[in-house]
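Observations on the three-dimensional arrangement
Each chain is listed here by its residues.
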Amino acid sequence: MADDLRVRLRERIAEELENLREQSQLRSLEILSGVNLCSNDYLGLAADPRLKHAVIEAVASARQMGATGSRLLSGNSREWQELESEFAEFAGTESALYFGSGYAANVGLLSAILQPGDVVFSDALNHASLIDGMRLSGAEKIIYPHGDMQFLEDALREKSRSTGAKVIVTESIFSMEGDLARMEDLLRLAKTQGAELIVDEAHALGACGPEGRGIIAGLKHEREILAIVYTCGKALASAGAFVCCSAKLKEFLVNRARTFLFSTALPPYFARQIHAALAIARKEDSRRKHLHEISIALRAELSAAGLNCGAGSTQIVPVILGANETAVNVAAQLQAAGFAVRAIRPPTVPAGTARIRVSLTSRITFADVHRLVGAIGAAVHSRDLSAAEAATVANA
Ligand SMILES: Cc1ncc(COP(=O)(O)O)c(C=O)c1O
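Figured I'd write up the structure that's included with this text. Not measured: the values here are computed from a predicted model.

Focus on the sheet that holds strand β11 (residues 343-344)
Pairing is antiparallel in the open sheet, where 3 strands are placed in the order β9-β12-β11. Edge positions in the sheet fall to β9 (316-322) and β11, since each has one partner strand and no second. Note: β11 against strand β12 (residues 354-359), 2 bridges, orientation antiparallel. Bridge pairing links I344 to R355 in β12.

As structure tokens, then:
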């Protein structure tokens, strides 16, 4: 009997893998080569010698290599505390708390502040880490269609008698679509409907706004927002994330965010990597300008080639192809042509909108953009793509 149960679980795992394979949804770990068009290294800092030297220096002068415990035990250090103060000042908020990953920050934040009886309003394209945090909290979830402010307003009004807290959760730049949240509308709705707002600036930090401070800081509304999450694994070429908020909320998270409480702190020298990356990123207006210009050029060339690149305006440019097989097929052809891209399929994106997600960095040149569009056009029109797949591209 006990053995039967073990076999059943193993069979279930094998079956699920087979299902994924049949639906062209099986993912595997690969080391990509070629022009990197699927990285979040928006300012090209991952290979920047200035960052490398700062890290070498930080390691050379480090008292210890490991944090040795969670922040509430032995893992706290002057380096992390100073960095949190520095980041809060940068973000324009009273306080900041660092988590070991953006995933941990979102899950920890949302699962700590929301509880059963509360209602959370979430954009349909929010990142999995936000979704998982809401799920864990036990709050009622209302998913509004992507960017649909009327739907959101109606849903907030419908819940006007609810006695629990109301919280709206959004990304500022959506990671799969590359478009912007309607932040002014969200701020207005939050204010008029008695709701709090939480914003994930993962893809905006470093890439846009004054000194790369993202969307919220540019609008000067940072103190009206309950919490803003900035991840360090993207434009800062590091890892982790800051939840920027009031001092009271930080104190609450230190006591209640389980992904903070029950996880070993990152080593103190790593705080100095983030400090150095932030200092470089703040000054890189010319890289931000280039990133913006190649994003405009890529969208213009894709549209001229009759391809659907969504309604965004940022450095994330989706090429929406429709069927899973089409996206996988086009990605394989682009990889063979020397472009490191990945096919993005459901459940990461809605069914029928499988795509190649081009994520530009300031290292990409206008010539790369031109070659890429040529290669995408050739892949889409190649004979390797069946007539049925080509039709899904036309309709995507
Ligand atoms: C919008 C958004 N939030 C959070 C995360 C998670 O951040 P991390 O990779 O640091 O865990 C990501 C990662 O892709 C993201 O795109």
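Quick look at unusual backbone geometry
Cis geometry is found at the peptide bond from P346 to P347, where omega equals 10°. Looking at where P347 falls in the secondary structure, it is placed in the loop between β11 and β12. One non-glycine residue, T68, adopts positive backbone phi at about 75°. Residue position: T68 is located in the loop between α2 (49-60) and α3 (78-91). Among the residues examined, T68 registers a relative accessible area of 58% and is labelled exposed.

Focus on the nonpolar core
Nonpolar side chains in soluble globular proteins tend to end up buried together. Of all hydrophobic cores here, the largest spans 86 residues; its most connected members are F87 and I168. Shared between two domains, this core holds at least three residues of each, these being domain 1 (27-43 + 285-395) and domain 2 (49-282). Counting residues in each nonpolar core, the second largest holds 26 residues, with L114, L249, L253 and A257 among its members.

A few points about the packing of helix α4 (residues 102-113) against helix α5 (residues 128-137)
Where α4 contacts α5, the axes come no closer than 7 Å and their chain directions differ by 30°. On the basis of the axis angle, α4 is roughly parallel to α5. Between α4 and α5 lies a crossing whose hand is right-handed. Between α4 and α5, the residues in contact are G102, Y103, N106, V107, L110 and S111 and S129, L130, D132, G133, M134, L136 and S137, respectively.

Considerations on the environment of A281
Mapped onto the elements, A281 comes out in helix α11 (residues 268-283). Each residue touching A281, except ones within four places of it in the same chain, is listed here: L43, L45, E211, L236 and R288.

Let's talk about the site of the ligand
For the ligand, the set of nearby residues contains 13 residues, the closest of which are G102, Y103, D200, H203 and K234. Residue H127 places a side-chain N or O atom 3.5 Å away from an oxygen atom belonging to the ligand. Residue K234 places a side-chain N or O atom 2.8 Å away from an oxygen atom belonging to the ligand. Summarising the interface, the protein chains cover 79% of the accessible area of the ligand, which totals 390 Å² for the free molecule. Sorting elements by how many residues they give to the shell around the ligand places α4 first, with 3 residues.

Observations regarding the pattern of salt bridges
On inspection of all chains with the given rule, the structure shows 21 salt bridges. A salt bridge links R287 to D48; the nearest nitrogen and oxygen atoms lie 3.4 Å apart. Of this pair, R287 sits in helix α12 (residues 285-304) while D48 sits in the loop between β1 (35-36) and α2, placing them 239 residues apart in sequence. Among the ionic pairs, R135 bridges to D132, the shortest N-O distance being 3.7 Å. With R135 and D132 both in helix α5 and 3 residues apart, this pair spans about one turn of that helix. Under the relative-accessibility criterion, D132 is labelled partly exposed at 23%.

With respect to empty space enclosed by the protein
Considering all chains together, one arrives at 1 cavity of 30 Å³ or more under this definition. Lining the largest cavity are R71, W80, Y98, F99, G100, T259, F260, S263, T264, A265 and L266. Among the elements of the structure, β2 (95-99) and α10 (258-261) are those that each provide at least two residues to the lining of the largest cavity. Of the residues assigned to the lining of the largest cavity, the class counts are 6 nonpolar, 4 polar and 1 charged.

Quick word on the pairing of strand β8 (residues 241-245)
Both faces of the sheet carry side chains from a regular strand, because those side chains alternate between them. With 5 of 5 residues buried, β8 is to be regarded as a mostly interior element. A two-sided burial pattern is seen for β8, the buried positions comprising A241, V243 and C245 on one face and F242 and C244 on the other. Direction of pairing for β2 relative to β8: antiparallel, over a ladder of 5 bridges. Paired with S95 across the strands is C245, a residue of β8.

Quick word on α3
Over its 14 residues, α3 extends 20 Å from the first C-alpha to the last, a length consistent with the 20 Å expected when each residue adds 1.5 Å. Of the positions making up α3, those classed as buried are E79, W80, L83, E84, F87, A88, F90 and A91. Mapping the buried residues of α3 onto a view down its axis gives an arc of 160°, with all of them on the same face. Looking at α3, the residues exposed on the side facing more than 90 degrees away from the buried face are R78 and E89. A positive backbone phi angle near 80° is found at G92, which sits one or two residues after α3.

Some words on a nonpolar patch on the surface
A cluster of nonpolar residues, L9, I13 and L17, forms a patch on the protein surface that exposes about 260 Å² of accessible area. Mapped onto the elements, I13 comes out in helix α1 (residues 2-22). Using a relative accessible area of 48% as the deciding quantity, one classes I13 as partly exposed.

Basis of the calculations
Residues numbered from 1 in each chain as written. Predicted model: local features only at pLDDT ≥ 70, side-chain atom pairs only at ≥ 80, totals over all residues. Heavy atoms only, no water. Pairing = 2+ DSSP bridges. Helix = DSSP H or I, 4+ residues; strand = E, 2+ residues; numbered from the N terminus. Buried < 20%, exposed > 50% of the residue type's maximum accessible area, 1.4 Å probe, protein only. Core = buried A, V, L, I, M, F, W, Y, C linked by side-chain atoms within 4.5 Å. Domains from an automatic or database assignment. Axes fitted to C-alpha atoms, helices over the stretch in contact; angles between N-to-C directions. Parallel < 35°, antiparallel > 145°, perpendicular 65-115°, else oblique. Left-handed = near helix turned anticlockwise from the far one by under 90°. Contact = heavy atoms within 4.5 Å. Near = heavy atom within 4 Å. Polar contact = N/O pair within 3.5 Å; in protein donor to acceptor, adjacent residues only side chain to side chain. Areas by Shrake-Rupley, 256 points an atom, 1.4 Å probe, with all protein chains shown as cover. Salt bridge = Lys/Arg side-chain N within 4 Å of Asp/Glu carboxyl O. 1 Å grid on protein atoms, 1.4 Å probe; cavity = no way out; pocket = protein on both sides within 12 Å on 5 of 7 lines; lining within 4 Å. Points joined across faces, edges and corners; volume = space filled by probe spheres on them. Nonpolar A, V, L, I, M, F, W, Y, C, P; charged D, E, K, R; others polar. Expected span 1.5 Å × (residues − 1). Arc of directions from axis to C-beta. Patch = residues over 30% accessible without salt bridge, like charges linked within 9 Å, V, L, I, M, F, W, Y side chains within 5 Å.

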